[in-house]
Amino acid sequence: MIALLAAVSAETNLLRQHIDDAVRTSSCGLDLLYGKIYGVPACLTMGGIGKAAAASASITLISACQPTALWLFGCGGAYPGAGLAIGDLALAREEVFGDEGMVDQRGFHDLQELGYPMRHDGDQRRFNHWPVDAGLHDWAQPILSRHAAARGCNLRSGPFVTVSRCTGSSALSLELEGRTEGICENMEGAAVALACRQTEVPLLEVRGISNLVEDRDTSRWDLPAGMMAAQQAVLDLFKNWAGKQP
């Protein structure tokens, strides 16, 4: 079974139309939608906006459906150097907690610079950077490359950056991009990556670009385009999943 997680309902409209044999239930106050997508068992939920909501929802979703993998999807903002435009796709190679650390007169210092690990992961100390599943990433990348080419859009793979506050200035965007090498900003992914690592559930994350991370001007945004791009990508992954699991 594939666990599917998005932040808000609008990010799931297309996917819900493709769920066959749908059954609604709940766990710990979280609404769950079970069914099949192209014959593959799936469980979909909307976890809410932000890291705390995403972490809580991830643990509940994983506990409820015991998935083979968790796929996180939705819209995201592209950093200036990513080479991505609205409607393009971004595939996470890792997730970075963008604002866990400390700010002083010299600027931002992440947890590694401060010497405070967020958590010990076996023998390894993990700071701001948390992995997605490499096997899932490498399975999905060529599929999504073909998908993007067929639709006349671009796909980039790289680090995603998770923040508690959306970046609304070009100066801060360049600072975040420079210190993380991130390509895409969101508000949930790193928390989901930590939850998946804790529960040993492989994570895949794909996002459709809805805006550039720059001086805030929502007239240049297209949230529906980003949401649709991500869902179309997820549907294509489902078409390729049955019988071809990595």
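As a reminder, the structure under discussion sits directly above these lines.
Because the structure is predicted, anything quoted here is derived from the model rather than measured.

Visitor: Explanation requested: helix H4 (residues 134–150) in the structure shown.
Guide: An α-helical segment advances 3.6 residues per turn. Residues three or four places apart therefore align on the same side. End to end, H4 covers 25 Å across 17 residues, agreeing with the expected 24 Å (1.5 Å per residue, within 8%). Its maximal kink placed at glutamine 141, H4 deviates by approximately 30°, while the proline proline 142 follows within four residues. Along H4, the positions that sit buried rather than exposed are Leu136, His137, Trp139, Ala140, Ile143, Leu144, His147 and Ala148. Summarising the contacts, the buried residues of H4 are in contact with strand E5 (69–78), strand E6 (89–97), strand E12 (155–162), strand E14 (203–212) and helix H7 (223–241). The N-capping residue of H4, defined by a side-chain oxygen 3.2 Å from the backbone nitrogen of glycine 135, is aspartate 133. Backbone geometry just downstream of H4 places glycine 152 in the positive-phi region, at approximately 70°.

Visitor: Looking at this structure, I do not really get the environment of glutamate 95. What am I missing?
Guide: Its location among the elements puts glutamate 95 in strand E6. The class for glutamate 95 is buried, based on a relative accessible area of 0%. Through-space distance from the C-alpha of glutamate 95 to that of valine 161 is 5.9 Å; in sequence the pair is 66 residues apart. Excluding anything up to four places from it in sequence, glutamate 95 contacts Asn128, His129, Trp130, Phe160, Val161, Thr162, Asn186, Gly189, Ala190, Ala193 and Glu205. In this structure the side chain of glutamate 95 is engaged in a polar contact, spanning 2.7 Å, whose partner is the side chain of threonine 162. A polar contact is formed between the side chain of glutamate 95 and the backbone nitrogen of alanine 190, at a distance of 3.4 Å.

Visitor: What should I look at first to understand the pairing of E14 in this one?
Guide: Looking along a regular strand, one sees the side chains alternate between the two faces of the sheet. Among the 10 residues that make up E14, 9 are buried, leaving the element largely enclosed by the rest of the structure. Two strands pair when backbone bridges link them, and E5 and E14 are joined in this way by 9 bridges, in the parallel orientation. When the sheet's bridge partners are listed, phenylalanine 73 is paired in E14 with valine 206. Here E6 pairs with E14 via 3 bridges, running antiparallel.

Visitor: Would you mind showing me how to read the pairing of E6 here?
Guide: Burial runs high along E6: 7 of the 9 residues are buried. Where E6 meets E12, 8 bridges bridge the pair, whose relative direction is parallel. Each residue of the ladder has a partner; that of leucine 89, found in E12, is leucine 155. Where E6 and strand E11 (residues 129–131) come together, 3 bridges link them in antiparallel fashion. For glutamate 94, the partnering residue across the bridge sits in E11 and is proline 131.

Visitor: Any chance you could explain the packing of aromatic side chains here in plain terms?
Guide: For any pair of aromatic rings, the description rests on two quantities: the centre-to-centre distance and the angle between the ring planes. Going through the model one piece at a time under the given rule, you end up with 4 aromatic pairs. Aromatic pair tryptophan 71 and phenylalanine 238: ring centres 4.8 Å apart, planes at 55°, arrangement tilted. Residue tryptophan 71 is found in strand E5, and its partner phenylalanine 238 is found in helix H7; the two are separated by 167 residues along the sequence. For tryptophan 71, a relative accessible area of 1% puts it in the buried group. Ring centres of tryptophan 139 and tryptophan 241 lie 5.0 Å apart, and the angle between their planes is 80°; on these two criteria the pair is classed as edge-to-face.

Visitor: Would you mind going over unusual backbone geometry with me for this structure?
Guide: Negative phi values dominate among residues other than glycine, just as trans dominates among peptide bonds. Although it is not a glycine, aspartate 21 sits at a positive phi angle of roughly 55°. Within the element layout of this structure, aspartate 21 appears in strand E2 (residues 20–27). Among the residues examined, aspartate 21 registers a relative accessible area of 61% and is labelled exposed. In this model, glutamate 181 sits at a positive phi of 60°, which is unusual for a non-glycine residue. Considering the arrangement of structural elements, one finds glutamate 181 in the loop between helix H5 (170–180) and strand E13 (184–186). Residue glutamate 181 is classed as exposed on the basis of its relative accessible area, which comes to 61%.

Visitor: Honestly, the side chain of asparagine 240 in this entry has me stumped. Any pointers?
Guide: Here asparagine 240 is to be found in helix H7. A relative accessible area of 18% means that asparagine 240 is categorised as buried. A distance of 2.8 Å separates a polar atom in the side chain of asparagine 240 from the backbone oxygen of aspartate 236.

Rules used throughout
- Residues numbered from 1 in each chain as written.
- Predicted model: local features only at pLDDT ≥ 70, side-chain atom pairs only at ≥ 80, totals over all residues.
- Heavy atoms only, no water.
- Helix = DSSP H or I, 4+ residues; strand = E, 2+ residues; numbered from the N terminus.
- Expected span 1.5 Å × (residues − 1).
- Bend = angle between axes of the 7 residues up to and from the residue.
- Buried < 20%, exposed > 50% of the residue type's maximum accessible area, 1.4 Å probe, protein only.
- Contact = heavy atoms within 4.5 Å.
- Polar contact = N/O pair within 3.5 Å; in protein donor to acceptor, adjacent residues only side chain to side chain.
- Pairing = 2+ DSSP bridges.
- Phe/Tyr/Trp six-rings, centres within 6.5 Å; stacked < 30°, edge-to-face > 60°.

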